[in-house]
Amino acid sequence: GNKMAKCNLFIVIAMILFSASLSMAQVHSVTASDEVALPGASATVSVTLDNDEAARGFSLGLAHSGAILTLTAISAGSEVASSNGGTGPDFEFIDLAAAGGPGGTYGVILSFGSPLDEIAIGTGNEIALYSYTCSAAATPGSSEALNFSDGLGSPVVITVISVVSGTTSISRIPTKVSGSVSIGTPAPSNLSCSITDPCGGGGLGVGTLNWNNGGSYDSVEVLTGGAVIQTLAGTATTTTTTSVGPGTVGYSVRGIRNLTTSGESNNCNLIYQVTPPPANPTGVTCVVDQVTGNTTVNWTNPNSVSSVEVTLD
């Protein structure tokens, strides 16, 4: 059944990757990338190979604690996926729930028959992609390490690179550089701007900003031109602004949680300008009711005004 098939796959990859001598020479290295994801979102970690010799296959295990991450998929990196003219490797082994985990193992043999394909000598050759989902309850600023492991699987899968040195097949033990997934802070959204007091702010106007917070923040920063101009409480969703001169000013906001700063919200612009005095009212007429003594005054405002003063004598 599945257990027998799994065992047979391990035997195949073991025979090819380990049939030759195992070399400790540190001429190769594998590196897992560092990624950032929001709570409840997904992250894809790239595993790259720096190799001084052309590689014909490899096996590796990448372990994590499982505190905030769940491994959902392992797939070929770009160098592996493009092998054999784009058809991919002749052999792949994937185990998302490897014994000794949580963690996953991945094994590849590029070609079984001639011509044998190889991963060319180089740096940053992408050989695998590990995909994870992050817990929705993960706290911004927290992280989980992704460590190469030689203790995953049954039988265990050892992280090795298969090369040919001269006419001899050799399995190189690479240097291992761990990666991580860090939890970021969700950004505020739906930022809007309006001039709410055109006569305030020294005559240039007072603006009001409103936004929605993307999560729980310790503080909120208001920015213009990339510079922080206000630092507010983490619960703030509105603020007022002024300008030192006329013109258009762009604003954005961002949240901070556990010393982790979110991306910026959408931008909005305010146009600050001197509000000219309104024109005089016209058509002023006065009518006195001779019986009651009440006087009615009528006029026309040529502009939109915020208040009207009526004076006597």
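Please read all numbers here as calculations on a predicted model, not as lab measurements. Counting of residues starts from 1 at the beginning of each chain's written sequence and follows it residue by residue. In keeping with the model being predicted, local features are shown solely for residues with a pLDDT of at least 70 and side-chain atom pairs are shown and tallied solely at 80 or more, while totals for entire chains, interfaces and linings include all residues. With hydrogens and water excluded, all non-hydrogen atoms of the structure serve as input to the side-chain values.

### As for the sheet that holds strand β6 (residues 69-76)
The pairing criterion is simple: DSSP has to find at least two bridges between the two strands. Secondary structure elements follow DSSP: runs of H or I no shorter than four residues count as helices, runs of E no shorter than two count as strands, and numbering proceeds from the N terminus. Taken together, five strands build an open sheet; the order of strands is β6-β9-β4-β2-β13 and the sheet is mixed. At either end of the open sheet lies a strand with only one pairing partner, and these are β6 and β13 (175-177). For this sheet, the mean angle separating the axes of adjacent strands, direction not counted, is 20°. Pairing geometry for β6 and strand β9 (residues 122-134), over seven bridges, is antiparallel. In the strand pairing of β9, Ser 75 is matched with Leu 129. Fitting a line to C-alpha atoms yields each axis, with helices limited to the stretch in contact; the angle taken between N-to-C directions then spans 0 to 180 degrees.

### Observations regarding the side chain of Ser 111
The topology assignment puts Ser 111 in the loop between β8 (103-109) and β9. Exposed residues in this analysis have more than 50% of their type's maximum accessible area, buried residues have under 20%, and partly exposed residues fall in between, with area computed by a 1.4 Å probe over protein chains only. Note on Ser 111: relative accessible area 9%, which makes it buried. Think of a polar contact as two N or O atoms within 3.5 Å of one another; within protein, one of them needs to be a possible hydrogen donor and the other a possible acceptor, and neighboring residues in sequence only count if both atoms come from side chains. Polar contacts involving the side chain of Ser 111 include one to the side chain of Asn 84, which spans 2.8 Å. From its side chain, Ser 111 meets the backbone nitrogen of Asp 117 in a polar contact 2.9 Å long.

### Overview of the nonpolar core
Soluble globular proteins tend to pack their nonpolar side chains together in the buried interior. What makes a nonpolar core is a set of buried Ala, Val, Leu, Ile, Met, Phe, Trp, Tyr and Cys residues whose side-chain atoms join them at distances within 4.5 Å. The biggest cluster of nonpolar side chains holds 34 residues, and the ones touching the most others in it are Phe 58, Val 80, Tyr 106, Ile 127 and Tyr 130. Sorting elements by how many residues they give to this core places β9 first, with five residues. Membership of the second largest hydrophobic core comes to 15 residues, among which are Leu 204, Leu 209, Leu 270 and Tyr 272.

### A look at the sheet that holds strand β15 (residues 189-197)
Ordered by their spatial adjacency, three strands build an open sheet running β15-β16-β19, and the pairing between neighbours is antiparallel. Looking at strand neighbours, the two that pair on one side only are β15 and β19 (238-241), the edges of this open sheet. Each neighbouring strand pair of the sheet contributes to a mean axis angle of 20°, computed without reference to strand direction. Direction of pairing for β15 relative to strand β16 (residues 206-212): antiparallel, over a ladder of six bridges. In the strand pairing of β16, Ser 192 is matched with Asn 210.

By themselves, these are just geometric observations and shouldn't be taken as functional.
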